[in-house]
Amino acid sequence: MLTTSLTPDEIGTLRLAPIFRSLAEETLDELLLSARPRQYARGKTLFVQNEPADCFYVVLEGWVKIFRINPNGEEAVIGVFTRGQSFAEAAAFTGGEFPATGETVTDCRLLRLESARLIATIKKNPEMGLAMLASTSQHLHMLIQQIEQLKAQTGVQRVAEFLLDQTSSRVGSCMVQLPYDKALIAGRLGIKPESLSRAFKRLREHGVDIQQNHAVIDELRALQKLIDKD
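Each value, and the rule that gives it
- Residues numbered from 1 in each chain as written.
- Predicted model: local features only at pLDDT ≥ 70, side-chain atom pairs only at ≥ 80, totals over all residues.
- Heavy atoms only, no water.
- Helix = DSSP H or I, 4+ residues; strand = E, 2+ residues; numbered from the N terminus.
- Rg over C-alpha atoms; globule rule 2.2 N^0.38 Å.
- Buried < 20%, exposed > 50% of the residue type's maximum accessible area, 1.4 Å probe, protein only.
- Contact = heavy atoms within 4.5 Å.
- Pairing = 2+ DSSP bridges.
- Axes fitted to C-alpha atoms, helices over the stretch in contact; angles between N-to-C directions.
- Polar contact = N/O pair within 3.5 Å; in protein donor to acceptor, adjacent residues only side chain to side chain.
- Expected span 1.5 Å × (residues − 1).

Caption draft 1: Layout of the overall build of the chain. For the chain, the helix and strand inventory stands at 10 helices and 11 strands. Scaling as 2.2 N^0.38, a compact globule of 230 residues should have a C-alpha radius of gyration of about 17 Å, and the chain matches this with 19 Å. C-alpha atoms of the chain, sized along the principal axes, occupy 55 × 40 × 35 Å. Residues classed as buried in the chain amount to 46% of the 230 residues present. Put simply, 75% of the contacts in the chain that link residues at least 6 apart link residues at least 24 apart.

Next comes the structure, spelled out in structure tokens:
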């Protein structure tokens with residue numbers, strides 16, 4: 001690697017993101033020439049909907065939410081991103097406007113990359129364009145999955161799937177830490193905070209006990225069975 005201030009572990013984190021996963025080292029070096037990791041406090045606005053899209057980000061540590069404000073003035077969460085995930089690269093590539101607002105959910109360490117550097121790298125290295133397609137495809141898949149959940153699953157099923165996504169197994173018992181506050185979980189799942197509270201209560205029947213910012217799950221297969229139920 002060349003002149004970046006990233007640690008070896010952070011370089012490994014970058015490689016988790018689809019946009020960087022298959023890049024040759026020389027191409028990644030070129031893209032990172034002017035990039036520097038930065039610390040951001042919780043609640044920091046990274047960009048605002050309809051602002052010129054002059055950059056994109058990769059999460060090295062922490063959580064970031066992307067959201068829009070609907071006509072009723074309510075926040076509609078589009079996505080929540082964490083370590084090894086990138087966001088806003090499609091907007092940066094087109095040189096248009098940010099379609100939503102980005103804000104840190106926790107204290108974060110992010111890598112900010114300029115859109116001009118991204119476009120220059122794509123022009124010089126066709127593999128960068130293929131990496132952009134891979135990244136855009138993953139984001140599209142994520143949005144399709146969210147739409148499917150909204151149309152096909154109850155609120156309780158969405159919460160159950162969210163909890164399962166925080167685990168590394170589908171069998172046995174476990175305790176998982178809720179990665180961010182409950183209001184954001186509700187927004188991410190497309191339900192009201194009060195509906196989330198009711199869903200947590202309903203999940204007690206399926207062996208789930210919410211304790212502040214943790215969920216104790218008696219049997220993961222019970223949650224999977226609930227999700228698969230018609």
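Caption draft 2: Quick peek at the sheet that holds strand E5 (residues 75-81). Reading across from one edge, E2-E7-E4-E5 is the order of the 4 strands in this open sheet, with antiparallel pairing throughout. Unpaired on one side and paired on the other, strand E2 (45-47) and E5 mark the two borders of the sheet. For this sheet, the mean angle separating the axes of adjacent strands, direction not counted, is 30°. As judged from the 6 bridges shared by strand E4 (residues 64-69) and E5, these two strands associate in the antiparallel manner. Bridging across to E5, Val64 finds its partner in Phe81. The sheet strands contacting helix H8 (residues 182-189) are E4 and E5, and the helix crosses E5 at an angle near 100°.

Caption draft 3: Structural view of the side chain of Ser86. Assignment of secondary structure puts Ser86 in strand E6 (residues 86-87). A relative accessible area of 2% places Ser86 in the buried class. Only 2.7 Å separates the side chain of Ser86 from the side chain of Glu89, close enough to count as a polar contact.

Caption draft 4: Representation of the sheet that holds E6 within the structure. Here 4 strands make up an open sheet; going across it, the order is E1-E8-E3-E6 and the pairing antiparallel. This sheet does not close on itself; its edge strands, each paired only once, are strand E1 (36-40) and E6. Judged from the 5 bridges that link them, E1 and strand E8 (residues 108-114) form a sheet pairing that is antiparallel. The partner of Tyr40 across the bridge, within E8, is Cys108. On the sheet, helix H5 (residues 115-124) packs against strand E3 (55-61) and E8 and is oriented at approximately 55° with respect to E8.

Caption draft 5: Structural view of helix H6 (residues 126-152). Taking 1.5 Å as the rise per residue, H6 with 27 residues should run 39 Å; its terminal C-alpha atoms sit 39 Å apart, in good agreement. Burial in H6 covers these residues: Met128, Ala131, Met132, Ser135, His139, Met142, Gln146 and Gln149.

Caption draft 6: Layout of unusual backbone geometry. We note that Asn50 has phi near 80°; this positive angle belongs to a residue other than glycine. Considering the arrangement of structural elements, one finds Asn50 in the loop between E2 and E3. Of note, Gln212 is a non-glycine position whose phi angle comes to about 55°, a positive value. Residue placement: Gln212 occurs in the loop between strand E10 (208-211) and strand E11 (214-217).

Worth remembering: the numbers are spatial, not functional.
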